[in-house]
Amino acid sequence: MSDLRFDAVYGVDKEEWNKRNSLYNTLWFEVNKKDVGPDMEYCDTAIMSYRQNPFYGEGTGWEVDKDGIRKVLKHPDGTRIKADLMTGWWNPFKRFMRFQLQGINREELVKDLKNLLVKMEQNGLDCQKGDKKARNEAAAEWLAGETKRSRKACESCIDFLDVVYTPGNVMPTVDNPGGGGLDGWDTKLTRIKACLEEEKNPWKEYICNIFGTWKKFIEENKLQMYFANNDKKYEKVLSLWGENSDVKLKKAGDDDWENYFKNAHDRIEERNRIIAKRNKEVERDERDN
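Heads up: these notes are all about the structure in this document. (Residues numbered from 1 in each chain as written. Predicted model: local features only at pLDDT ≥ 70, side-chain atom pairs only at ≥ 80, totals over all residues. Heavy atoms only, no water.)

## Notes on helix α9 (residues 202-211)
- Among all positions in α9, only W203, Y206, I207, I210 and F211 are buried. Projected down its long axis, α9 shows its buried positions confined to an angular sector of 95 degrees, all on one face.
- The inward-facing, buried residues of α9 contact β3 (80-85), β4 (170-173), α8 (185-195) and α10 (214-220).
- In this structure N201 caps α9, since a side-chain oxygen of it lies 2.7 Å from the backbone nitrogen of W203.
- Among the residues trailing α9, G212 stands out with phi positive, at a value near 90 degrees. (Buried < 20%, exposed > 50% of the residue type's maximum accessible area, 1.4 Å probe, protein only. Helix = DSSP H or I, 4+ residues; strand = E, 2+ residues; numbered from the N terminus. Arc of directions from axis to C-beta. Contact = heavy atoms within 4.5 Å. Polar contact = N/O pair within 3.5 Å; in protein donor to acceptor, adjacent residues only side chain to side chain.)

## Describing empty space enclosed by the protein
- Applying the stated criterion across every chain, the model contains 1 cavity of 30 Å³ or more.
- Considering only enclosed or pocket space, the largest cavity measures out at about 90 Å³ in volume.
- In terms of lining residues, the largest cavity is bounded by 14 residues, among which Y50, N53, P172, R271 and R278 are the most central.
- For the lining of the largest cavity, the secondary-structure elements that each account for two or more residues are α3 (44-52), β4 and α11 (254-288).
- For the lining of the largest cavity, the per-class residue count stands at 7 nonpolar, 3 polar and 4 charged. (1 Å grid on protein atoms, 1.4 Å probe; cavity = no way out; pocket = protein on both sides within 12 Å on 5 of 7 lines; lining within 4 Å. Points joined across faces, edges and corners; volume = space filled by probe spheres on them. Nonpolar A, V, L, I, M, F, W, Y, C, P; charged D, E, K, R; others polar.)

## Quick word on the pattern of salt bridges
- Enumeration according to the criterion identifies 12 salt bridges in this entry.
- For K19, the salt bridge identified is with E16, shortest N-O distance 3.8 Å.
- Since its relative accessible area comes to 35%, K19 is described here as partly exposed.
- The exposure class of E16 is partly exposed, given its relative accessible area of 22%.
- Linking D65 and R80 is a salt bridge whose minimum nitrogen-to-oxygen distance equals 2.4 Å. Taken together, the positions of D65 in strand β1 (residues 63-67) and R80 in strand β3 put the pair 15 residues apart, joining distant regions of the chain.
- Judged by its relative accessible area of 23%, D65 is partly exposed.
- Taking relative accessible area as the criterion, R80 reaches 36% and is therefore assigned partly exposed. (Salt bridge = Lys/Arg side-chain N within 4 Å of Asp/Glu carboxyl O.)

Pasting the structure below:
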């Protein structure tokens, strides 16, 4: 699936994007994103992806509305649905970097990231030869030296960064439920489910009024990969650390981080494949009609 960020860069930046590794592009985009419009989960490509889902598509009553410069979806009953990056990259990345990036506001964050980009440029990692796989492997080798992390953990991290802004990691949401220390969709989804037990909550109202059941909410939004195959009622969200893992964030080692990033990557990619298949079916049906 396409990287939503690629549609937001123009001219020479678009040409350079394809010569860079996924780590450099992620840091570069974070530094420069104020120049490219709203957050990617609200961009035209993301909105188009949501609308290709038959549940939110043409003829269902859902409309595209605006919230300032952001585009949102509006249900026929007036409910306005925002959007969310499902598993965020910044919180796990700064912890993986052993808190080398400590900016507490936008200005300090950009300064930290620029310093990291300079280091990458000094090592020739801003414009490389070879295919994307080779470029990312070179970036992983550098990152391993910079962080004193294992090469495999760094490769897993960069693989995750490569898919973090694809359609498989964004979706319409009624509210940000909070993702804990890592901003992971496993934590967010667990909290969303817990909202159903509360007397009054925006998520409870949204799921009950719009979808009717938890099961339909999960299936319409293609979230099955966040549950075990035999969990047909979607009762227990799988941890991105691993199915039976009891990893404590402060004690997470390289193998734990490798698993976290790999699981996050694999679930995003699985959802990308499901969305791509669904979109092809929608396009075929439209042609046939």
